[in-house]
Amino acid sequence: MRRRCLPILFILCLLLLSSACTREENPLDREWSWSMIAETENQALLFMDPGANTYPDNASVLVWIKYVPSKSRAVAGMRELSKEFGGGTKQNEYTISQWHFSCVNASFRCVRLVHYRDKTQIASYSYPKGDWISPPKGDTKIIYDTACAMWSTKRR
């Protein structure tokens, strides 16, 4: 009986190992090390996890940003997104988004955005082939400058 079970156990182990090796990790499940990079004109806070930055080519950087709107007032886009998913903007809402910055061409695009309320995901958007926008302005310019300064240091 034991001899018959060994091949089956071996096959099951191989299947489990292969699925574990090919399963794509959700980057939002990772432990974050947020560092505040700025307080915006609207008194929102911008955070970046430098350890999560990736450099897909010689011209760009992918960064993860946590955006926490001001406690006293929220940006219109956050307010509208909150209405869409029930309720007004709360103090405990924030987004985590991934941005792709071309430091050579001074352009950017949002790749992914996840909206949270009370640490619970309420909306998620993915733009893997989003349009490049140029030049960065406002809050995006702050993030661009920080990300591309890190990109420049990494290239040395």
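Here the structure is a predicted model, which is why all the values come from computation and not from measurement.

The rules we used
Residues numbered from 1 in each chain as written. Predicted model: local features only at pLDDT ≥ 70, side-chain atom pairs only at ≥ 80, totals over all residues. Heavy atoms only, no water. Helix = DSSP H or I, 4+ residues; strand = E, 2+ residues; numbered from the N terminus. Polar contact = N/O pair within 3.5 Å; in protein donor to acceptor, adjacent residues only side chain to side chain. Phe/Tyr/Trp six-rings, centres within 6.5 Å; stacked < 30°, edge-to-face > 60°. Buried < 20%, exposed > 50% of the residue type's maximum accessible area, 1.4 Å probe, protein only. Lys NZ or Arg CZ within 6 Å of the ring centre and 35° of its normal.

Colleague: Is there a simple way to think about the side chain of H115 in this case?
Modeller: Along the chain, H115 turns up in strand β5 (residues 107-117). Separated by 3.0 Å, the side chains of H115 and E93 make a polar contact.

Colleague: What is the right way to look at the packing of aromatic side chains in this model?
Modeller: Where two aromatic rings form a pair, the distance of their centres and the angle of their planes describe that pair. As enumerated under the stated definition, the model contains eight aromatic pairs in all. An angle of 45° between the planes, with centres 5.8 Å apart, marks the rings of W99 and F108 as tilted. Like W99, the residue F108 is buried in the burial classification. Members of the aromatic cluster, connected to one another through ring pairs, are W99, F101, F108 and Y144. K66 extends its terminal NZ or CZ atom over the ring of Y94, reaching a point 4.5 Å from the ring centre.

Colleague: Looking at this model, I keep getting lost on the environment of P69. Mind explaining?
Modeller: In this structure, P69 sits in the loop between β3 (60-68) and α2 (76-84). For P69, a relative accessible area of 6% gives the class buried. Spatially, the C-alpha atoms of P69 and T40 are 9.2 Å apart, while their sequence positions differ by 29 residues.

Honestly, that's just the spatial picture; any functional story needs more than this.
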